[in-house]
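# Geometric and topological summary
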Amino acid sequence: MTTRLSPSAMAAASPPLCLPPLPAVRAPRHRLPPGATDCHCHVFEDPSRYPWGGERSYTPQPADRHAYAQLCRSLGLTRTVQVSASIYGADNRLTLDLIAEWGQERARGVAGIAASTTQADLHALHDGGMRGVRVSTLVKGYGGSDAMAGIAARIQPLGWHLQLHFERAAEIAALEASLMRLPVPLVFDHLGCVRGNEGVDHPGFQAMLRILQRRDDCLVKVSSWYRRSEAGPGHEDMRPLVQTLVDVRPDRLVFGTNWPHPALFAPAQVPADADLVDQFCDWVPDVQVRQAILVDNPAQLYGFA
């Protein structure tokens, strides 16, 4: 069971302390298919064993692999892709340890790397189950967009993808030409980080759609839409974005819970994960499309059998 930080640890928490995840109290209304994969999630464990980096954007609450396994059982998820959290920088030991414990037929990972990460280190990460590298212009701990070309050249021999996390969807439009030239598969985090009130006509979202149509090796994560919605618990302003992506490239979408929903601070509210699964299934009613997004596309991207 996940425990809370001690009062002394909470008092020392800087940058700001995240809200803790909710307990997995119910199963979703919708039954997920066998092999359903959570393609975006994190775990946070004892910082004396897995230290936080000094350059970070938030301080996490504990959210360990046992609590996450309970969540997976509750939701009907059988595979996971752990994104090594930004607070760990290029220290991927926690993700590697979880993959080793759960086995690569069930778990894979996306790494954070640094300029000091050697090619031998990358091969070791590959052997440990990593299949991509994340960059971000929103949170500290990863390289930003200026690091994309250099990282792409380094990971291309491994067949990895570059996972792109932007502060604003407008960055996709500004970087469209550069993104088209990158020689590795691309994965856009969190619907390209477009906001619900920006809508499908937003230049960044339209640039992402063009990239998806012109390249057959780019994917989008249907995840974290609750953070970008302006429409309350139902997040209905995000539905047209998801449905547009389903209409354009259902073969290039994957799903993620974003558990334990890091970088949410009071007075925000942590979403119930079963509600997120039900929203996704309501927005994607076609069973065959759900099968592709939840099972087939992740198996191809991350190398699940």
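Please read all numbers here as calculations on a predicted model, not as lab measurements.

About the criteria used
Residues numbered from 1 in each chain as written. Predicted model: local features only at pLDDT ≥ 70, side-chain atom pairs only at ≥ 80, totals over all residues. Heavy atoms only, no water. Helix = DSSP H or I, 4+ residues; strand = E, 2+ residues; numbered from the N terminus. Rg over C-alpha atoms; globule rule 2.2 N^0.38 Å. Buried < 20%, exposed > 50% of the residue type's maximum accessible area, 1.4 Å probe, protein only. Areas by Shrake-Rupley, 256 points an atom, 1.4 Å probe, with all protein chains shown as cover. Lys, Arg positive; Asp, Glu negative; His and termini not counted. Charge placed at Lys NZ, Arg CZ, Asp CG, Glu CD. Axes fitted to C-alpha atoms, helices over the stretch in contact; angles between N-to-C directions. Parallel < 35°, antiparallel > 145°, perpendicular 65-115°, else oblique. Left-handed = near helix turned anticlockwise from the far one by under 90°. Contact = heavy atoms within 4.5 Å. Nonpolar A, V, L, I, M, F, W, Y, C, P; charged D, E, K, R; others polar. Salt bridge = Lys/Arg side-chain N within 4 Å of Asp/Glu carboxyl O. Core = buried A, V, L, I, M, F, W, Y, C linked by side-chain atoms within 4.5 Å. Polar contact = N/O pair within 3.5 Å; in protein donor to acceptor, adjacent residues only side chain to side chain. Pairing = 2+ DSSP bridges. Right-handed = clockwise from strand over helix to strand, strands pointing away.

### Quick notes on the overall build of the chain
Within the chain, the secondary structure is distributed over eleven helices and eight strands. Taking 305 residues into account, the globule formula puts the C-alpha radius of gyration at 19 Å, and the chain, at 18 Å, falls close to it. Once the C-alpha set of the chain is aligned to its principal axes, its extents read approximately 50 × 45 × 35 Å. Looking at the chain as a whole, 57% of its 305 residues qualify as buried. Per element, the accessible surface of the chain, about 12,300 Å² overall, is 53% carbon and sulfur. The centroid of the 29 positive side-chain charges in the chain is displaced by 2 Å from the centroid of its 31 negative side-chain charges.

### Quick word on the packing of helix H8 (residues 203-214) against helix H9 (residues 239-248)
Two quantities define a packed helix pair, namely the angle between the axes and the distance from one axis to the other. At their nearest, the axes of H8 and H9 sit 11 Å apart, and the two run at 20 degrees to each other. Judged by the inter-axis angle, H8 sits roughly parallel to H9. The interaxial crossing formed by H8 with H9 has right-handed handedness. Where H8 abuts H9, its residues Phe 205, Met 208, Leu 209, Leu 212 and Gln 213 lie against Leu 241, Thr 244, Leu 245 and Val 248. Residues of the contact of H8 with H9, tallied by class, amount to seven nonpolar, two polar and no charged.

### Some points on the pattern of salt bridges
On inspection of all chains with the given rule, the structure shows 17 salt bridges. Here the residues in one salt-bridge network are Arg 26, Arg 29, Asp 275, Asp 278 and Asp 282, joined through shared partners.

### Quick look at the nonpolar core
Ranked by internal contacts, the top residues of the largest apolar core, which has 83 residues, are Leu 162, Leu 164, Leu 179, Phe 188, Trp 225, Leu 245 and Phe 280. Contact partners of Leu 245, with chain neighbours within four places excluded, come to Leu 191, Phe 205, Met 208, Leu 209, Leu 212, Val 220, Pro 250 and Leu 253. By size, the runner-up hydrophobic cluster in this structure holds 13 residues, among which are Val 110, Val 139, Tyr 142 and Tyr 302.

### Some thoughts on the environment of Thr 78
Mapped onto the fold, Thr 78 is located in the loop between helix H2 (65-75) and strand S2 (79-83). Residues Thr 78 and Gly 35, spaced 43 residues apart in sequence, show a C-alpha to C-alpha distance of 5.4 Å. Once residues within four sequence positions are removed from consideration, Thr 78 is found in contact with Pro 34, Gly 35, Ala 36 and Arg 106. A polar side-chain atom of Thr 78 sits 3.0 Å from the main-chain amide nitrogen of Gly 35.

### Brief notes about the environment of Ala 299
Turning to its location among the elements, Ala 299 is positioned in helix H11 (residues 287-302). You can call Ala 299 buried: its relative accessible area is 19%. Separated by 120 residues in sequence, Ala 299 and Leu 179 have C-alpha atoms that sit 24 Å apart. If near-sequence neighbours (up to four positions away) are discounted, Ala 299 is found in contact with Arg 79 and Phe 304.

### Here we look at the pairing of S2
For S2, the tally of buried residues reaches five of five residues, placing the bulk of the element in the interior. Every second residue of S2 is oriented toward a common face, with Arg 79, Val 81 and Val 83 on one face and Thr 80 and Gln 82 on the other, all of them buried. Taken together, the three bridges between strand S1 (residues 37-41) and S2 define a ladder with parallel strand orientation. Counted as the bridge partner of Thr 37 is Arg 79 from S2. With four bridges joining them, S2 and strand S3 (residues 107-111) adopt parallel strand pairing. Paired with Val 83 across the two strands is Val 110, which belongs to S3. Assessed by its sense of winding, the connection that carries the chain from S2 through helix H3 (residues 93-102) to S3 is right-handed.

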